[in-house]
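What the coordinates show
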Amino acid sequence: MEPKHASATGRKRSQRPQTSHREVAAALRARITSGELRPGQRMPTQAKLADEFGVERGAVRQALRILQSEHLLTNASKGAPATVAPEPGRPVTGPEAVPQPTMVTLGPRIAAAFAAPHVEIDALCLTSASLTLAIGEPLRRIHAGRMKPAKVDMRILLPSRDIPLAFPTAVDEASGDFDVQLRRRWLDQRNAQGQVLRHNLLALRSTHGIDVQVTFRALPFTPPVKLYLLNGTEALFAYYTLTRSEVEIGQRQLEMYDAPGIQSTLFAFEQGAGLRDTTFVEQSHVWFNALWETISSELTLTT
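The following refers to the structure shown.

**Some details on the packing of aromatic side chains**
On inspection of all chains with the given rule, the structure shows five aromatic pairs. An angle of 85° between the planes, with centres 5.1 Å apart, marks the rings of F237 and Y239 as edge-to-face. The exposure class of F237 is buried, given its relative accessible area of 17%. Taken together, F237, Y239, F269 and F280 form an aromatic cluster joined through their ring pairs. In this structure, R155 is placed above the aromatic ring of W292, and the distance from its NZ or CZ to the ring centre is 5.1 Å. Here the guanidinium or amino end of R217 rests over the ring plane of W292, the centre of that ring lying 6.0 Å away.

**Structural notes on the sheet that holds strand 10 (residues 243–249)**
Taken together, three strands build an open sheet; the order of strands is 6-11-10 and the sheet is antiparallel. Since the sheet does not close on itself, it has two edges, and those belong to strand 6 (169–170) and strand 10, each with one partner. The pairing of strand 10 with strand 11 (residues 252–258) spans seven bridges and is antiparallel. Bridge pairing links S245 to M256 in strand 11.

**Section: the pattern of salt bridges**
In this structure the tally under the stated criterion is eight salt bridges. For E52, the salt bridge identified is with R31, shortest N-O distance 2.4 Å. Of this pair, E52 sits in helix 2 (residues 46–53) while R31 sits in helix 1 (residues 21–34), and the two are 21 residues apart along the sequence. Salt bridges linked by common partners bring E137, R140 and R141 together as one network.

**Quick notes on the nonpolar core**
Of all hydrophobic cores here, the largest spans 42 residues; its most connected members are I110, F114, I156 and L201. Among the elements that line this core, the one with the most residues is helix 7 (residues 178–208), at five residues. Once you skip the residues sitting within four places of it in the chain, I156 turns out to touch A123, C125, L131, L197, V214, T215, F216, R217 and W292. In this structure, I32, L37, F53 and V55 belong to the second largest nonpolar core, which totals 21 residues.

**Structural notes on the environment of E120**
For E120, the location among the structural elements is in strand 4 (residues 118–124). A sequence separation of 110 residues divides E120 from L230, and the C-alpha atoms of the two residues are 6.0 Å apart. Each residue touching E120, except ones within four places of it in the same chain, is listed here: D153, L229, L230 and N231.

**Some remarks on the sheet that holds strand 3 (residues 100–101)**
The pairing of strands in a sheet happens through backbone hydrogen bonds and is either parallel or antiparallel. If you walk across this open sheet you meet the eight strands as 3-12-9-8-4-5-7-13, and the pairing is mixed. Of all the strands in the sheet, the pair left with one neighbour each is strand 3 and strand 13 (297–298). When strand 4 meets strand 8 (residues 225–230), the two strands line up antiparallel, connected through four bridges. Counterpart to D122 in the pairing with strand 8 is L229.

**Examining the packing of helix 2 against helix 3 (residues 57–69)**
Look at helix 2 against helix 3: their axes get within 9 Å of each other, and the N-to-C directions meet at 105°. What the angle tells us is that helix 2 and helix 3 run roughly perpendicular. The residues of helix 3 that touch helix 2, namely those facing Q46, A47, L49 and A50, are R57, V60, R61 and L64. When its residues are assigned to classes, the contact of helix 2 with helix 3 shows five nonpolar, one polar and two charged.

**Focus on helix 8 (residues 275–293)**
Look at helix 8: 27 Å from first C-alpha to last across 19 residues, which is about the 27 Å you get at 1.5 Å a residue. Looking at helix 8, one finds that the buried residues are D277, T278, V281, S284, H285, F288, L291 and W292. All buried residues of helix 8 lie within an arc of 165° about the axis, which places them on one face of the element. Projecting away from the buried face of helix 8 at angles above 90 degrees are the exposed residues L275, R276, V286 and E293. Each element contacted by the buried residues of helix 8 is listed here: strand 4, strand 5 (151–159), strand 7 (211–219), strand 8, strand 9 (234–239) and strand 12 (265–270).

**So, the pairing of strand 4**
Burial within strand 4 is extensive, with five of its seven residues counted as buried. Relative to strand 5, strand 4 runs parallel, the two sharing seven bridges. Bridge pairing in strand 5 links V119 to V152.

**Structural notes on helix 2**
What helix 2 keeps buried is the set L49, A50 and F53. Buried positions in helix 2, seen along its axis, are confined to an arc of 100° and lie on one side of it. The exposed set on the far side of helix 2, more than 90 degrees from its buried face, consists of K48 and D51. G54 sits one or two residues past helix 2 and shows a positive phi near 65°.

**Re unusual backbone geometry**
In this model, F167 is joined to P168 through a cis peptide bond whose omega is 0°. Within the secondary structure, P168 is located in the loop between strand 5 and strand 6. Although it is not a glycine, N231 adopts a positive phi angle of roughly 55°. Residue placement: N231 occurs in the loop between strand 8 and strand 9.

Reading the values: rules and limits
- Residues numbered from 1 in each chain as written.
- Predicted model: local features only at pLDDT ≥ 70, side-chain atom pairs only at ≥ 80, totals over all residues.
- Heavy atoms only, no water.
- Phe/Tyr/Trp six-rings, centres within 6.5 Å; stacked < 30°, edge-to-face > 60°.
- Buried < 20%, exposed > 50% of the residue type's maximum accessible area, 1.4 Å probe, protein only.
- Lys NZ or Arg CZ within 6 Å of the ring centre and 35° of its normal.
- Pairing = 2+ DSSP bridges.
- Helix = DSSP H or I, 4+ residues; strand = E, 2+ residues; numbered from the N terminus.
- Salt bridge = Lys/Arg side-chain N within 4 Å of Asp/Glu carboxyl O.
- Core = buried A, V, L, I, M, F, W, Y, C linked by side-chain atoms within 4.5 Å.
- Contact = heavy atoms within 4.5 Å.
- Axes fitted to C-alpha atoms, helices over the stretch in contact; angles between N-to-C directions.
- Parallel < 35°, antiparallel > 145°, perpendicular 65-115°, else oblique.
- Nonpolar A, V, L, I, M, F, W, Y, C, P; charged D, E, K, R; others polar.
- Expected span 1.5 Å × (residues − 1).
- Arc of directions from axis to C-beta.

Here's what the structure looks like:
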């Protein structure tokens with residue numbers, strides 16, 4: 001008769017419920033946020049953590065990856081023990097950065113960029129919706145007196161109103177004037193978001209005496225990617241991935257191909273974080289400046 005609770009190796013199995021990797025992450029997160037584990041401190045080895053929590057090393061690795069994605073740990077994917085982030089909660093860039101959706105990554109990075117005396121942000125996108133949302137946090141900090149850059153320069157490239165858009169577009173080519181309505185809908189969004197962004201930034205001139213310049217220019221094509229360049233040192237890059245969805249226009253439900261930019265995964269690159277990252281940042285600036293100075297044209301945010 002086989003012994004109860006025995007594994008294939010002959011060891012007795014524990015009667016207690018198996019701890020999940022999320023529970024391990026929660027316990028370690030509490031130690032970091034409470035100060036028990038200090039910034040810059042090495043974490044215990046994966047073997048020690050596995051023994052402490054009674055889990056396999058795979059569960060520990062998953063927990064460490066979660067904490068790294070939350071910017072609480074660095075080097076979680078390396079062979080050596082992970083390290084508590086120097087500034088827990090501050091977004092990690094460079095090779096350690098875990099790709100995240102735009103609205104997870106962009107806001108913290110824009111806020112960090114506004115800590116510089118001279119803020120320089122270049123953006124290429126389909127609309128400025130993500131950027132307009134992300135700018136909210138640094139604006140709150142400025143109004144709260146927690147930061148005050150001396151100068152803000154922002155350049156934004158958006159598709160021209162005078163071109164046929166590659167997307168959003170109707171799935172059914174025989175849908176009549178649906179593409180015209182989609183284009184009008186996109187144009188309204190482009191203009192409204194751009195106007196809000198410009199108004200909120202230019203208001204800093206009168207409220208806080210900050211030198212602000214916001215300039216829009218139009219591209220003669222629909223950009224398949226989005227790009228944000230921050231203070232000459234960071235590049236955040238994402239693909240616009242087309243999805244099939246329904247939209248109601250004029251009391252009609254119609255199918256379209258669209259690319260929800262807020263959900264696009266952003267990849268972060270930082271100058272000085274290695275040859276790959278440095279080269280990507282530099283070439284992104286070259287590419288953006290070439291578009292700005294050659295084939296782009298004046299853009300007016302009106303319908």
